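# Per-entry structural report
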Amino acid sequence: MSPQFALERPESALRAALIVIAIFTLGRIIALALSPIELYADETQYWIWSQTFDWGYFSKPPVIAWVIALTTGLFGDSDFAVRLASPLLHGATAGFLFLAGRTLWDSRTGFWITLTYLTVPAIWLSGAVISTDTPLFTAWSAGLYCLALLRREPSWQAAIGLGVAIGLGFMSKYAMIYFVLGTGLAILFDTPARRALLSLQGGVAGLIGLAILAPNLIWNAANDFATVSHTAANANWGGELFKFDELSEFLGGQLGVFGPAFFVFLVLALYRAIKERQAFGEHALFLAFFIVPALVAVSAQSFISRAHANWAASAYVAGTLLITWYLLQGPRWRRYVLFGSIGFHTILMVTLMTIAASPALTEAAGMSNSTKRIRAWQETADAITLAGMERPYSAVVFDNRNVFHQMQRYAGELDRPLAMWLRYSGPVNHAEQNWPLAERFDGEILIVSERPREIPRMREDFEDFAPAGEISIALDGDKTRDFTLWRASGHQRITRDEAYENRWTAVDLARRGGD
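Starting afresh in each chain, residues are numbered from 1 along the sequence in its written order. Per-residue local features are limited, in this predicted model, to residues with pLDDT of at least 70; the limit for side-chain atom pairs, both in listing and counting, is 80 or more; totals at the level of whole chains, interfaces and linings are taken over all residues. Computation of side-chain values: all heavy atoms of the structure, hydrogens and water removed.

### Some points on the overall build of the chain
Condition: Every helix listed is a DSSP run of H or I at least four residues long, and every strand listed is a run of E at least two residues long, numbered separately from the N terminus. The Shrake-Rupley method, run with a 1.4 Å probe, gives the accessible areas here. Residue values count only the displayed protein chains as cover. Under this rule, positive means Lys or Arg and negative means Asp or Glu; His and the chain ends count for nothing. Every charge is mapped to an atom, namely NZ of Lys, CZ of Arg, CG of Asp or CD of Glu.
Broken down by element type, the chain carries 27 helices and 6 strands. Overall size of the chain, expressed as C-alpha extent along the three principal axes, is 75 × 50 × 50 Å. As displayed, the chain has an accessible area near 22,900 Å², and 63% of this comes from carbon and sulfur atoms. Here the chain holds 41 positive side-chain charges and 45 negative ones, and the gap between their average locations is 10 Å.

Below you can see the structure in the form of structure tokens.
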């Protein structure tokens, strides 16, 4: 019996999907255990959050911290344990996508959806780190599955599951708002979804989601809406607007996030789903509602200001369902695109991740610029620790929150307090919020600066300010991580008012003109 024919049997497709999920999950767990790559700065920040239970944190909702607290509580405080939930949650997401595919179409389609998701380039990378996208994808896929069930027939279990998924999705990342927008579009334009959601069960699902999110809303209200404000600040609409180059870069980045062929054919499938509506497939337009909002919104954001390639990643949860179904239909060459992409993504990403794990291979492949943020943090912490212990400093102060958090993680032998110098009138990140250098501080401190342009501003805040050396940490190839050290005392933070900002803006403009 051919494998393709065997997949026509529901129990065979389910068994095959579970085997694939188990193989990928176990393989990624083993790879994490063997990985020499230390936590990058955002992962370290999430780990720091996990040390204290709360309903929210400076820049993100709380689920990422809770997940890390669970895995490190069970398996210790190693970098491996910090990241362990990632492959497990991606396995769960693949399982929910199988169930969604089986509900919308059949088990055979569900199997290929599972394999497609596990081999998308972004998921290869995401499975090697812990990020807020990981639990978001799990909640999103669970929500799609429950909504697909509700579209098919009324079910209290599905309604409760949908509410829990929406609530946990928001508690993972506010990008879950795109799921809610998609649900709203489905109510407007999809008759089965409208019938399912404009009902007592749909109302209960919404109330459950809101009840789960409520503690985070209360936390935000009690903390000046810190997380919401940070999310808005990331949009950066205060700078130069309307950037075609940023839009082009974002759209080009989607070829790497979802895969080149997958992204091109997804755009085609979305076009047909919207233009041809029911004639293209009864579920295609429904799925498009959970893809288009994120892609359109983040594309607009990139054109107005800026956007990272992964900001629209949530679109590819439903995108995986649609593209797999689309490529399994019609001419045989479409299956070649599907199977070829799965193989190409797997070979490419295993190769790239193997190279990234080896400094020698990274240098040989000319990828040193891509790995500079994940290398030599222990060596960096050791060098800064040595400098900080040379004198009886009252504190070691930083101007970069990434370096500050990495010191919290890797500088275990440094017995000096760590603090952040505040560039602005108030904190703009978690490090500045919780560990700011006091407005008045008389003791002698060591300043570790990675931002040379901040030194003149910083100097104004101190009575005494003198050079204390430099640190240069070798990375891959010819890349280095460089710091200037300064011995300072008599800290008195100058008021960061409008006159202060205007003065330094003029200085910056003059410097750029001089360059």
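### Digging into helix α2 (residues 10-34)
To keep it simple, the criterion reads: Take the residue count of a helix, subtract one, and multiply by 1.5 Å to get its expected span. A simple rule labels every residue: compare its accessible area, found with a 1.4 Å probe on the protein chains alone, to the largest value its type can have, and call it buried under 20%, exposed over 50%, or partly exposed in between.
Taking 1.5 Å of rise per residue, the 25 residues of α2 would be expected to cover 36 Å, and the 36 Å separating its terminal C-alpha atoms lies within 8% of that figure. Within α2 the residues assigned to the buried category are Ser12, Ala13, Ala16, Ala17, Val20, Ile21, Phe24, Thr25, Arg28 and Leu32.

### What to know about the pattern of salt bridges
Just so we agree on the cut-off: Any carboxyl oxygen of Asp or Glu within 4 Å of a side-chain nitrogen of Lys or Arg constitutes a salt bridge here.
If you walk through the whole model with that rule in mind, you get 18 salt bridges. For the salt bridge of aspartate 42 with arginine 401, the shortest nitrogen-to-oxygen distance reads 3.2 Å. Remark: arginine 401 occurs in helix α24 (residues 401-410) and aspartate 42 occurs in helix α3 (residues 41-50); sequence separation between them is 359 residues. Residue arginine 409 is joined to aspartate 77 by a salt bridge in which the shortest nitrogen-to-oxygen separation is 3.6 Å. With arginine 409 in helix α24 and aspartate 77 in the loop between α4 (63-75) and α5 (79-83), the pair connects residues that are 332 residues apart, well separated along the chain. Judged by relative accessible area, which is 13%, arginine 409 ranks as buried. Salt bridges linked by common partners bring Arg423, Arg453, Glu454, Arg457, Glu501 and Asp508 together as one network.

### Re a nonpolar patch on the surface
Stated formally: Patches were defined on residues exceeding 30% relative accessible area and lacking a salt bridge, with like-charge contacts within 9 Å and nonpolar side-chain contacts (Val, Leu, Ile, Met, Phe, Trp, Tyr) within 5 Å.
Taken together, the side chains of Trp156, Ile160, Val164, Leu168 and Leu200 make up a nonpolar region of the molecular surface, amounting to roughly 450 Å² of accessible area. In terms of residue count, helix α10 (residues 156-172) provides more of the nonpolar patch than any other element does, 4 residues in total. One can find leucine 168 in helix α10. A relative accessible area of 38% means that leucine 168 is categorised as partly exposed.

### Some words on the side chain of lysine 173
Going by this rule: For this analysis, a polar contact is any N or O atom pair within 3.5 Å, provided that within protein one partner can donate a hydrogen and the other can accept it, and provided that sequence-adjacent residues contribute only side-chain to side-chain pairs. Every residue pair with non-hydrogen atoms within 4.5 Å of one another is taken to be in contact.
For lysine 173, the position within the fold is in the loop between α10 and α11 (177-189). Residue lysine 173 is classed as buried on the basis of its relative accessible area of 16%. One polar contact links lysine 173 to aspartate 133, side chain to side chain, over a distance of 2.7 Å. Apart from the residues within four sequence positions on either side, lysine 173 is in contact with Pro61, Thr132, Asp133 and Leu136.

### A short note on the pairing of strand β6 (residues 480-492)
Convention followed: In this analysis, strands are considered paired if DSSP registers two or more bridges between them.
In this sheet, β6 lies alongside strand β3 (residues 440-441) in antiparallel orientation, the contact comprising 2 bridges. Residue phenylalanine 441 lies in a different strand from β6, and its bridge partner there is histidine 491. Two strands pair when backbone bridges link them, and strand β5 (residues 462-474) and β6 are joined in this way by 11 bridges, in the antiparallel orientation. Bridge pairing in β6 links glutamate 470 to threonine 484. The antiparallel pairing of β5 with β6 creates a hairpin that spans 5 residues between the two strands, and glycine 477 there sits at a positive phi of about 60°.

### Digging into the environment of proline 427
Relative to the assigned elements, proline 427 resides in the loop between β2 (418-420) and α25 (430-434). In this structure, the C-alpha to C-alpha distance between proline 427 and phenylalanine 465, residues 38 residues apart in sequence, is 23 Å. What proline 427 contacts, discounting residues up to four positions off in sequence, is Phe58, Leu422, Glu432 and Gln433.

### Observations concerning unusual backbone geometry
One non-glycine residue, alanine 376, lies in positive phi territory at about 60°. Along the polypeptide, alanine 376 turns up in the loop between α22 (368-371) and α23 (377-388). The buried category is assigned to alanine 376, whose relative accessible area is 13%.

### Observations concerning the packing of α23 against α24
How we decide: Axis definition: a line fit to C-alpha positions, over the contact stretch in the case of helices; interaxial angles, taken between N-to-C directions, run 0 to 180 degrees. Note that the term roughly parallel is reserved for angles under 35 degrees, roughly antiparallel for angles over 145, roughly perpendicular for angles of 65 to 115, and oblique for everything else. Each residue receives one of three labels: charged for Asp, Glu, Lys and Arg, nonpolar for Ala, Val, Leu, Ile, Met, Phe, Trp, Tyr, Cys and Pro, and polar for the others, Gly being one of them.
Their axes nearest at 9 Å, the elements α23 and α24 cross at an angle of 90°. Looking at the two axes, α23 sits roughly perpendicular to α24. For the pair α23 and α24, contact is made by Trp377, Gln378, Ala381, Ile384 and Thr385 and by Val403, Gln406, Met407 and Tyr410, respectively. Broken down by class, the residue content of the contact of α23 with α24 amounts to 6 nonpolar, 3 polar and no charged.

### Remarks on the packing of helix α15 (residues 244-258) against helix α16 (residues 260-276)
What counts here: By definition, any crossing whose near helix is turned counterclockwise from its far helix by less than a right angle is left-handed, and any crossing with a clockwise turn is right-handed.
Put simply, α15 and α16 touch, their axes get as near as 6 Å, and they point 115° apart. Pair α15 / α16 crosses with right-handed handedness. Each of Leu251, Gln254, Leu255 and Phe258 in α15 lies in contact with α16, whose residues at this interface are Pro260, Phe262, Phe263, Val264 and Leu266. Split into classes, the residues belonging to the contact of α15 with α16 amount to 8 nonpolar, 1 polar and no charged.

### A few points about α11
Put simply, the rule reads: Relevant arc is that of directions from the helix axis to the C-beta atoms, nothing else.
Taking 1.5 Å of rise per residue, the 13 residues of α11 would be expected to cover 18 Å, and the 18 Å separating its terminal C-alpha atoms lies within 8% of that figure. Along α11, the residues classified as buried are Tyr178, Phe179, Gly182, Thr183 and Ala186. Along the long axis of α11, the arc covered by the buried residues comes to 145°, so they all point the same way. Those residues of α11 that are buried lie in contact with α9 (133-152), α10, α12 (191-197), α17 (284-288) and α18 (292-304).

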